[in-house]
Amino acid sequence: MAKSGKDLGERKKAPRQGGRAAKFQPGEKAKDFKGTILTLFGYLRPYTWQLVIVAVTAILSTVFSIVSPAILGKATDVVVKGVTGAAEGIDYHALLVILLVLLAMYIAAWLFGTIQAWIMAIVSQKVIYTLRDKMSKKLDRLPLRYFDRVSYGEVQSRMINDIETINQTLTASITQMITAVVTLVGIIAMMISISVTMTLVALLVIPASLGVIKLVVSKSQKHFKNQQGFLGKVNGHVEEMYSGHDIVKAFNREDISEAEFDEYNDKLCEAAWKSQFLSGLMMPLTQFIGNLAYVMVCFLGGYLALKGRISIGQIQAFIQYVRSFNHPVQQVANIANQLQSTAAAAERIFELLDEDEEPAAYTNEMESQHMASKAEDPTPDVDGDVNFKNVSFGYVEGEPVIKNFTFEAKAGQRVAIVGPTGAGKTTIVKLLMRYYELDGGSILVDGQDIKTMSRHELRSKFGMVLQDTWLNSNSIRENIRYGKPDATDEEVEAAAYAAHIDHFIKTLPGGYDMQINEEATNISAGQKQLLTIARAILADAPILILDEATSSVDTRTERIIQKAMSNLMEGRTSFIIAHRLSTIKDADHILVLDHGDIVEQGNHEELLAKGGFYADLYNSQFAR
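Just so we're clear, the structure is a prediction, and the values are computed from it rather than from any experiment.

1. Section: the sheet that holds strand 6 (residues 462-465)
If you walk across this open sheet you meet the six strands as 6-7-8-3-9-10, and the pairing is mixed. Edge strands, defined here as strands with exactly one partner in the open sheet, are strand 6 and strand 10 (597-602). Adjacent strand axes in the sheet meet at a mean angle of 20 degrees when their direction is disregarded. Pairing geometry for strand 6 and strand 7 (residues 543-547), over four bridges, is parallel. The residue of strand 7 that forms the bridge with Met 464 is Ile 545. With respect to the sheet, helix 12 (residues 425-432) is in contact with strand 3 (414-418), strand 6, strand 7, strand 8 (573-577) and strand 9 (589-594), its orientation differing from that of strand 8 by roughly 145 degrees.

Below, the structure is given as structure tokens:
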């Protein structure tokens, strides 16, 4: 199994832990800080030359900025000599030349700084684009088991918050690190050139500052990890509660929802203020240590000036270097702090990219051959024979939902699947669509094991109408066209007419071009289901899956839709899941499931005549 996210950098992979949040327990530190950062920087390898230019321009910009105080010190010496009488007046020509050189250096420093910022912004956005693209494609390849244990809010947090954290680091921190290192080296060199003694005093700040940084980072790391984890929990809760806010209100659960949110929010707030407080200590502490060094340098500089061993201009330049020296030290502290947050975010992203994908049916070569054959024959004949052979499956290991399920549906048959809640009806459909992999047995479509088909090929054979309708934020026309992207407007309207929703659509403001809002609350539940039926009609697939397709419509509309469905199912293999047994009287074959087993099968009259499980279910619905 290929593991995405490792092709651009290697890192030591921590052992997996089961459960939804086992990877990100509160208080846990990054499993592999060094490996995670190296993997993240591995995404920069395709942009090596751009990074070289960034490094060179950053160095040049920093060098010009470093040399400027020394040149300004010479200008000060020219003025001091002229004022004190050490020279015959102020040499304005020499002063003008020095100031022009200084101006040129400032302009050069600004120009190189702008170039490196521009290039780095482009590189960082390309890296972020790559990460987002890999995550999006990864989510498409993840099995449904992943989403059974990870909330949508958690996935959103990784796609948005964690990506943005990395974006901020790549945009600023890399160039800041280069600038900080070059600045430190350059400032030390210039300080030594002025006075070795004063330099030694000034450098006392380094071990003290590094000690402070190390202490603060060690304390803040776990809080940054907690902050990212609880942010995902808050997002997940908000997404979950507000997507079902009408249900929350209907059962008067607002107080409980608010209590849960407050609990997550309190923990997020606690982790956030601790991490921000500790990271905020770095700058004032390093600044305090730098000020102590600054005071000592002032005293020593005054003493050396009185001894005639250093000029006033050199003291001025040295003091500027000391003041500037604190800035890169603080930058290093901030970058170290930012890297902790970045490592936590990147680790969560790479955890997602390292998740086990759905097993591939084809090798790349076989897939290419398959796509070539599809191009030559875009509409292969599909009979619609479906054969279940000793199928076993459970969502949780050791707890089977389907046990040794065997059944064959002939092409064109209408097969109804009925049974009490939890009997495994919808699970059968999910296995047929290969949303989950079988624990045992096989499923064949037209004699071919579905494991040997690409999922795209398999699912193109099916049209589906589910009990839980799904429409996107688009026009009604485009939502129907979702079943066949290249359909004409006439085909879309014909499908809507067959689903008995054409008249309703035309009464809406905008008709087929009316926009459905994000939650599809501007049309009724029954109308949403009719639109999904129209979508399935337009797809014109050889095999149909109807999972409670008429559950949200009234009895009169149900009868009309049943007639349309009868025409739609003509000549197609159809699997009909129904709780209302009155809707499947005309099925060619009825499978009665209970606890994952077929307990009865036959047509409606045969099963009623047996007086068994099906008859009890049917009679219970019409007991009155």
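Picking up after the structure, the text goes on.
2. Quick notes on the confidence of the model for the protein chain
Predicted coordinates in regions of low pLDDT should not be interpreted in detail. The share of residues in the protein chain with pLDDT of 70 or more is 83%, and the mean pLDDT across the chain is 77. Per-element averaging of pLDDT across the protein chain places helix 11 (residues 364-376) at the bottom with 46 and strand 4 (residues 440-445) at the top with 90. Here residues 1-29 scores under 50 on pLDDT; set against residues more than four positions off or in separate chains, the count is 72 contacts. In the model, residues 362-380 has pLDDT below 50 throughout and makes eleven contacts with residues more than four positions away in sequence or in other chains.

3. Let's talk about a nonpolar patch on the surface
There is a patch of nonpolar side chains on the surface, built from Leu 96, Leu 100, Leu 103, Ile 107, Trp 110 and Leu 111 and spanning about 630 Å² of accessible area. Structurally, Leu 103 is set in helix 3 (residues 92-141). Given the relative accessible area of 47%, Leu 103 is considered partly exposed.

4. With respect to unusual backbone geometry
Notably, Asp 446 is not glycine yet its phi reads approximately 55 degrees, a positive angle. Of note, Asp 446 is situated in the loop between strand 4 and strand 5 (448-449). Unusually for a residue other than glycine, Asp 540 sits at a positive phi of about 55 degrees. Positionally, Asp 540 belongs in the loop between helix 17 (525-539) and strand 7. For Asp 540, a relative accessible area of 46% puts it in the partly exposed group.

5. Examining the sheet that holds strand 5
Read from one edge of the open sheet, four strands run 2-1-4-5, paired in antiparallel fashion. Each of the sheet's edge strands pairs with one partner strand only, and the pair in question is strand 2 (402-409) and strand 5. Each of strand 1 (386-393), strand 2 and strand 4 touches helix 12; the most contacted strand, strand 1, lies at about 110 degrees to it.

6. Considerations on the nonpolar core
Of all hydrophobic cores here, the largest spans 40 residues; its most connected members are Ile 476, Ile 480, Ile 505, Leu 531, Ile 584, Ile 590 and Tyr 614. Elements that contribute at least two residues to this core include exactly strand 3, helix 14 (476-481), helix 15 (489-498), helix 17, strand 7, helix 18 (555-569), strand 9 and helix 20 (613-621). In contact with Ile 476, other than residues within four places in its own chain, are Ile 505, Leu 508, Gly 511, Tyr 512, Met 514, Ile 516 and Leu 531. Core analysis: the second largest hydrophobic core is formed by 30 residues, Val 415, Ile 417, Met 453 and Leu 593 among them.

7. Some words on a negative patch on the surface
On the surface, Asp 255, Glu 258, Asp 262 and Asp 266 cluster together into a patch of negative charge. Structurally, Asp 266 can be placed in helix 9 (residues 254-306).

8. Considering the pattern of salt bridges
What the rule picks out here adds up to 19 salt bridges. With a closest N to O distance of 3.1 Å, Lys 410 and Glu 408 form a salt bridge. In this structure, Glu 437 and Arg 455 form a salt bridge, with 2.8 Å as the shortest nitrogen-oxygen distance. Residue Glu 437 is located in the loop between helix 12 and strand 4, and its partner Arg 455 is located in helix 13 (residues 455-459); the two are separated by 18 residues in the primary sequence. Its relative accessible area of 21% is what places Glu 437 among the partly exposed residues. Via salt bridges that share partners, Arg 477, Glu 478, Arg 481, Asp 489, Glu 493 and Asp 513 belong to a single interconnected network.

9. A few points about the packing of helix 15 against helix 17
Close contact between helix 15 and helix 17 brings their axes to 8 Å; oriented N to C, the two are set at 125 degrees. As summarised for this structure, helix 15 and helix 17 are arranged oblique, according to the angle between their axes. Considering the relative orientation of helix 15 and helix 17, their crossing is right-handed. Side by side, helix 15 and helix 17 meet where Glu 491, Val 492, Ala 495, Ala 496 and Ala 498 of the first sit next to Ala 534, Ile 537 and Leu 538 of the second. Looking at the contact of helix 15 with helix 17, its residues break down into seven nonpolar, no polar and one charged.

10. With respect to the packing of helix 3 against helix 5 (residues 152-194)
The geometry of helix 3 relative to helix 5 is characterised by a closest axis approach of 9 Å and an angle of 160 degrees between their N-to-C directions. Relative to helix 5, the element helix 3 lies roughly antiparallel. Seen along the crossing, helix 3 lies across helix 5 with a hand that is right-handed. Of the residues in helix 5, those touching helix 3 at Gln 116, Met 120, Ser 124, Gln 125, Val 127, Ile 128, Leu 131, Arg 132, Met 135, Ser 136 and Leu 139 are Val 155, Arg 158, Met 159, Ile 163, Glu 164, Ile 166, Asn 167, Leu 170, Thr 171, Ile 174 and Thr 175. Residue composition of the contact of helix 3 with helix 5, by class: twelve nonpolar, seven polar and three charged.

11. Some remarks on helix 15
For helix 15, the set of buried residues is Val 492, Ala 495 and Ala 496. Along helix 15, the residues classed as buried sweep out an arc of 100 degrees about the axis, all on the same side. Away from the buried face of helix 15 by more than 90 degrees, exposed residues Glu 490 and Tyr 497 are located. Packing partners of the buried residues in helix 15 comprise helix 14, helix 16 (502-507) and helix 17. Downstream of helix 15 by a residue or two, His 500 has a phi angle that is positive, lying close to 60 degrees.

12. Concerning the environment of Gly 510
Mapped onto the fold, Gly 510 is located in the loop between helix 16 and helix 17. Given the relative accessible area of 54%, Gly 510 is considered exposed. A sequence separation of 35 residues divides Gly 510 from Ser 475, and the C-alpha atoms of the two residues are 9.3 Å apart.

Here is what the cut-offs are and how they apply
- For every chain, the first residue of the written sequence is number 1, and numbering continues from 1 onward in sequence order.
- Predicted model: local features are reported for residues with pLDDT of at least 70 only, side-chain atom pairs are reported and counted for 80 or more only, and whole-chain, interface and lining totals are derived from all residues.
- No hydrogens and no water enter the side-chain calculation; it runs on all heavy atoms of the structure.
- Two strands form a pair only when DSSP identifies at least two bridges running between them.
- Numbering of helices and strands runs from the N terminus, with a helix taken as a DSSP run of H or I at least four residues long and a strand as a DSSP run of E at least two residues long.
- Axes here refer to lines fitted to C-alpha atoms; in helices the fit is confined to the stretch in contact. Angles between the N-to-C directions go from 0 to 180 degrees.
- The contact criterion used throughout is that any non-hydrogen atoms of two residues lie within 4.5 Å.
- How sure the predictor is of each residue is captured by pLDDT, a score from 0 to 100.
- In this scheme, patches are assembled from residues that exceed 30% relative accessible area and form no salt bridge. Like charges are connected within 9 Å, while nonpolar side chains (Val, Leu, Ile, Met, Phe, Trp, Tyr) are connected within 5 Å.
- For accessible areas, the Shrake-Rupley method is used with a probe of radius 1.4 Å. Any residue's cover is judged against the shown protein chains and nothing else.
- Salt bridge criterion: a side-chain nitrogen from Lys or Arg within 4 Å of a carboxyl oxygen from Asp or Glu.
- Only protein chains enter the area calculation, which uses a 1.4 Å probe; residues under 20% of their type maximum are buried, those over 50% are exposed, and those in between are partly exposed.
- In this text, buried Ala, Val, Leu, Ile, Met, Phe, Trp, Tyr and Cys residues form a nonpolar core when linked through side-chain atoms within 4.5 Å.
- Neither His nor the chain ends is counted toward charge; the positive residues are Lys and Arg and the negative residues Asp and Glu.
- Lys charges are placed at NZ, Arg charges at CZ, Asp charges at CG and Glu charges at CD.
- Reported orientations rely on four angle classes, namely roughly parallel under 35 degrees, roughly antiparallel over 145, roughly perpendicular from 65 to 115, and oblique for the rest.
- Crossings are sorted by hand: turned counterclockwise from the far helix by less than a right angle, the near helix makes the crossing left-handed, and turned clockwise it makes it right-handed.
- Residue polarity is assigned by list, with Asp, Glu, Lys and Arg as charged and Ala, Val, Leu, Ile, Met, Phe, Trp, Tyr, Cys and Pro as nonpolar; anything else, Gly included, falls into the polar class.
- Comment: arc refers to directions from the helix axis out to C-beta atoms.

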